[in-house]
Protein chains: 2
Amino acid sequence: METLPPNLARRRLLAGSAGALAAVGLGATGAVCATDAVANTTATKAAPAAKPLPAYAAWKDADSVIVHSANTIETKRSAFGDGVITPSRQLYVRNNLPPPAASVLDDRDAWTIEIVGVEQPRTLTVGDLKALGVETLATVLQCSGNGRGFFPHKPSGTPWEVGAAGCVMWSGISVRTLVEYLGGLKGKPVYMTGTGGEVLPEGLDPMSLLVERSVPREAMQDAMLAWEMNNEPLSLAHGGPLRLIVPGYTGVNNVKYIKRLAFTDEQSRAKIQQTGYRLTPMGAKSSPDQPSVWAMEPKSWITAPGTDGQALKAGRAVVRGVAFGGMHAVKRVEVSIDGGKTWKEASLIGPDLGKYAWRQFALPIDLPAGQHTLVSRVEDTAGNVQVEKRFENVRGYINSSWQDHGLAVNVS
Amino acid sequence: METLPPNLARRRLLAGSAGALAAVGLGATGAVCATDAVANTTATKAAPAAKPLPAYAAWKDADSVIVHSANTIETKRSAFGDGVITPSRQLYVRNNLPPPAASVLDDRDAWTIEIVGVEQPRTLTVGDLKALGVETLATVLQCSGNGRGFFPHKPSGTPWEVGAAGCVMWSGISVRTLVEYLGGLKGKPVYMTGTGGEVLPEGLDPMSLLVERSVPREAMQDAMLAWEMNNEPLSLAHGGPLRLIVPGYTGVNNVKYIKRLAFTDEQSRAKIQQTGYRLTPMGAKSSPDQPSVWAMEPKSWITAPGTDGQALKAGRAVVRGVAFGGMHAVKRVEVSIDGGKTWKEASLIGPDLGKYAWRQFALPIDLPAGQHTLVSRVEDTAGNVQVEKRFENVRGYINSSWQDHGLAVNVS
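Residues numbered from 1 in each chain as written. Chains lettered and ligands numbered in written order. Predicted model: local features only at pLDDT ≥ 70, side-chain atom pairs only at ≥ 80, totals over all residues. Heavy atoms only, no water.

K.L.:
Sorry if this is basic, but what is going on with the overall build of chain A here?
P.N.:
Helices and strands together make up the secondary structure of chain A, namely six helices and 21 strands. Looking at chain A residue by residue over its 412 residues, the buried ones come to 60%. For chain A, the share of sequence-separated contacts (at least 6 apart) that also reach a separation of at least 24 residues comes to 72%. For chain A, the accessible area works out to roughly 15200 Å², and carbon and sulfur atoms hold 52% of it. (Helix = DSSP H or I, 4+ residues; strand = E, 2+ residues; numbered from the N terminus. Buried < 20%, exposed > 50% of the residue type's maximum accessible area, 1.4 Å probe, protein only. Contact = heavy atoms within 4.5 Å. Areas by Shrake-Rupley, 256 points an atom, 1.4 Å probe, with all protein chains shown as cover.)

What follows is the structure, encoded as structure tokens:
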């Protein structure tokens, strides 16, 4: 949990288990802590004990998800389905802080956002934004720590495997349209900085908790302020009434409950930006000179068959999965049933929702009896190939290793 | 209700109101009757009284739909949202017969379908189909009678306005792949005929009730047997475990609970094919020599602003809507705010999901105070333009009139 001062994290861990903290309710610091406690106690291959869905995400499909904590809910690998858009009820949840009160959804159009760093800075309501324009965009939404569960050093943080990711559609107004409406950018800012509207607990340095992320200004070209996800008003669990969508960038950069969008010369001073979400080499301490966790890399994984834990029968089968390029479109996907010794090119199927979406792939094969490891490897249109091995880093971010994401199956 | 013999319809109408029939449960004939009774009592502009969702569709979003009867549920015009895919919870329902028992979903992969009219006719399970291939396809699903509520002669049948339609994604196996696997077509059949697996009530001529539809053989080129809708296992309400999808054809041709797929020289002998779903001229009786209700036509309607019944404020607004070509892709959409006197071209927005999907359109405008009628008109890539006036026919099918679909708004 990147926003939590180390001493506070330690104190909470001493105070009780994640379960006990969840039981006393979702006070801000309690919920923040729960994430860390889970990370430190269950970062193994063992299935987490089934926990109830938290109230703000009670509408999720309990059978499709793994509840790690009140703020971290993972999609099961077997629940991605054969289609391209992840249904909202199956989509993962990862909140850095507890969401604002549900009452912020009572009058969605009244939610305000301040825009600064433009020629005509203004505070606008969601209702105002809706009168300016509308776009729809499909993106892969993936937690920075997706795949963390495969790091052998058990980094702190939720031990996600494949399921802190989904492909969803957003509707809202493009940041470009908004900036044009406000007279264009003022000067030549280096960053686009979004500030979340979570309620911060009293008595702590706000900068230690504030969810405020800066991304390179160029990211504004395809960015959006979204009021709908998958064609429904954006839920509280996913950042409603309004969320900043930064296509190609990891989840944390897609700031929820966005209250302020600034074009700035410096990165945010918030801890989540300064030392949080950095690719810190093993043995080092997080610091602002290390790369920030921004753009996603080419990645793919297999979603069927055999992900439901059932033994497979030898014979014809169709290996299916999802693949994305991060910042570029998918060019091709290869599949191996022998752990990467030999490869065959899969077909890309289904509608192409644009370069920031994932593609479905499928390969009909004859599956022989025995133990096999199914793996997939994607190449993007810029020639980047999914890496074989993860980049080791302290917090276990951006694990795109095809080897780590292999699926062991038992065929009889 | 096309499957019901006229004398039976009359008898049921004498037996009680739709509400009374619904109250005694969803026995096959009771539910069949409910549809007709509703059609004959509420085919007006008046909002139907709020009815509860039937058990098999209890998971629908009650706020987004109008329950006409247990077998006919409409999406509100204000509930289409700003995105392109209609969420399953908002999608309309129209069943010709009550669905099979929910237990057919207990083991989805065990559901069987018989394929005949191919070189190697076989009965296959859904599990077998999943081992052959997978595709994903977006289509407009639209009831043949969508827009019936605008016919002034109040045809029998549900008085749908715009909401017996949606754009959804299907995953399954393409009929072409399946036919190739079975050695190809036998001879040169003229039709593809799908048979539904509903349980028929005893004591009646099965041909008077059987849901069996024939479409021209060419439709098989893009057809699919689908086991998922919107990336979730296909629900009972929408035809699960397996449904025939015939892209570009009205809903009834997309046979639910499909048990048999035949390539035939003749059209089905079922009443639903022979005299049901025919474009019968006013004053005539339904007969097999009249055009069958098959392909959809270019059609569009406005979904915002002002569809929620609230008064609008003068000033900048974005007119939004959906448009489709039926058998061809959308080329362009025009919008008028003066009931069709003057037109402006709207922008097509969002991902293009293929020629059988609908497109979203948007036009930012300055909305003056006063009473206005907002209308839209689509042209497809083959040069077909949405018709101004409906084609009058006894049962009120295929209403694509842009005039009928206008939206009156009050701007202050």
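K.L.:
Is there a simple way to think about the relation of the copies chain A and chain B in this case?
P.N.:
Two chain copies, one operation linking them: a rotation about an axis together with a shift along it. With an RMSD of 0.0 Å, chain A superimposes on chain B once it is rotated by 180° and translated 0.0 Å along the axis. Here the copies are linked by what is in effect a two-fold axis. For chain A, the smallest separation between a C-alpha atom and the rotation axis is recorded for A:L353, amounting to 3.6 Å. (Least-squares fit on C-alpha atoms with pLDDT ≥ 70 in both.)

K.L.:
How do you make sense of the sheet that holds strand β19 (residues 359-367) of chain B when you look at a structure like this?
P.N.:
In a beta sheet, neighbouring strands are held together by backbone hydrogen bonds and run either parallel or antiparallel to one another. Residues and elements named next belong to chain B. Here we have four strands laid out as an open sheet, ordered β14-β15-β19-β18, and antiparallel in their pairing. The sheet is open, and its two edges are formed by β14 (299-304) and β18 (347-349), each paired on a single side. This sheet shows a mean twist of 35° between the axes of neighbouring strands, independent of strand direction. In the sheet, strand β15 (residues 315-324) pairs with β19 via nine bridges, with the strands oriented antiparallel. Within β19, the residue paired with A317 across the bridge is I365. (Pairing = 2+ DSSP bridges. Axes fitted to C-alpha atoms, helices over the stretch in contact; angles between N-to-C directions.)

K.L.:
I keep staring at unusual backbone geometry and nothing clicks. Help me out?
P.N.:
Apart from glycine, the bulk of residues carry a negative phi angle, and the bulk of peptide bonds sit in the trans form. With omega at 15°, the peptide bond leading from A:G240 into A:P241 counts as cis. Relative to the helices and strands, A:P241 is located in the loop between β11 (232-233) and β12 (243-245). Backbone geometry places A:Y257, a non-glycine residue, at a positive phi of 50°. Residue placement: A:Y257 occurs in the loop between β12 and β13 (258-264). Looking at A:Y257, the relative accessible area reads 0%, which means it is buried. Phi is positive for B:I398, which is not a glycine, with a value near 50°. Counting through the fold element by element, B:I398 comes out in the loop between β20 (370-380) and β21 (407-411). Judged by relative accessible area, which is 15%, B:I398 ranks as buried.

K.L.:
So what exactly am I meant to see when it comes to the side chain of B:E198 here?
P.N.:
Residue and element names in this part refer to chain B. Counting through the fold element by element, E198 comes out in the loop between β8 (191-196) and β9 (212-216). K256 provides the closest opposite charge to the buried, salt-bridge-free E198, at an N-O distance of 6.8 Å. The contacts of E198, once residues within four sequence positions are left out, are L97, P98, P100, V211 and Y257. (Lys, Arg positive; Asp, Glu negative; His and termini not counted. Salt bridge = Lys/Arg side-chain N within 4 Å of Asp/Glu carboxyl O.)

K.L.:
Can you help me understand the pattern of salt bridges in this one?
P.N.:
Opposite charge on two side chains permits pairing when their charged atoms draw close. Overall, the coordinates contain 28 salt bridges over all chains when judged by the stated rule. A:E379 is paired through a salt bridge with A:K331; the nearest N and O atoms lie 3.7 Å apart. With a gap of 48 residues between them, A:E379 in strand β20 (residues 370-380) and A:K331 in strand β16 (residues 330-336) connect regions that are remote in the sequence. Residue classification places A:E379 among the buried residues on the basis of a relative accessible area of 14%. Judged by relative accessible area, A:K331 falls into the partly exposed class, the value being 48%. The residue B:R359 makes a salt bridge to B:D352 at a minimum N-O spacing of 3.6 Å. You can call B:R359 buried: its relative accessible area is 12%.

K.L.:
Explain the interface of chain A and chain B here, please?
P.N.:
A common way to express how large an interface is: the accessible area buried when the components associate. Contacts between the two partners involve 36 residues from chain A, matched on the other side by 36 residues from chain B. Taken over both partners, the interface formed by chain A and chain B buries close to 2700 Å², and the fraction arising from carbon and sulfur atoms is 53%. Between the two partners, chain A and chain B, sit two salt bridges. Measuring nitrogen to oxygen at the nearest pair gives 3.5 Å for the salt bridge that ties A:R89 to B:E232. Secondary structure elements with two or more residues in the side of chain A that touches chain B: β6 (135-142), β7 (165-174), β10 (224-229), β15 (315-324) and β19 (359-367) of chain A. A total of four residues in the side of chain A that touches chain B trace back to one element, the largest contributor, which is β15(A). For the side of chain A that touches chain B, the per-class residue count stands at 16 nonpolar, 11 polar and nine charged. (Buried area = accessible area lost by both parts, 1.4 Å probe. Nonpolar A, V, L, I, M, F, W, Y, C, P; charged D, E, K, R; others polar.)

K.L.:
I'm lost on the environment of A:L312 in this one. Help?
P.N.:
Residue and element names in this part refer to chain A. Inspection of the secondary structure assignment puts L312 in the loop between β14 (299-304) and β15. A residue is classified by how much of its surface remains accessible, and L312, at 13% relative accessible area, is buried. Along the primary structure L312 and V411 are separated by 99 residues, whereas in three dimensions their C-alpha atoms are 4.6 Å apart. Among all residues touching L312, those that are not within four sequence positions of it are P305, G306, L367, V409, N410, V411 and S412.

K.L.:
Can you help me understand the packing of aromatic side chains in this one?
P.N.:
Where two aromatic rings form a pair, the distance of their centres and the angle of their planes describe that pair. For the coordinates displayed, the defined rule picks out 18 aromatic pairs over all chains. Ring centres of A:F80 and A:W301 lie 5.9 Å apart, and the angle between their planes is 55°; on these two criteria the pair is classed as tilted. With a gap of 221 residues between them, A:F80 in the loop between β2 (72-75) and β3 (93-94) and A:W301 in strand β14 connect regions that are remote in the sequence. With 6.2 Å between their ring centres and 80° between their planes, A:Y92 and A:W160 make a pair best called edge-to-face. Of the two residues, A:Y92 is situated in the loop between β2 and β3 and A:W160 in the loop between β6 and β7; the sequence distance between them amounts to 68 residues. Judged by relative accessible area, which is 4%, A:Y92 ranks as buried. Since its relative accessible area comes to 1%, A:W160 is described here as buried. Taken together, A:F80, A:W301, A:F324 and A:W358 form an aromatic cluster joined through their ring pairs. Across from the ring centre of B:W111, 4.3 Å away, lies the NZ or CZ of B:K259, which sits over that ring. Lying across the ring of B:F151, B:R390 places its NZ or CZ 5.7 Å from the centre. (Phe/Tyr/Trp six-rings, centres within 6.5 Å; stacked < 30°, edge-to-face > 60°. Lys NZ or Arg CZ within 6 Å of the ring centre and 35° of its normal.)

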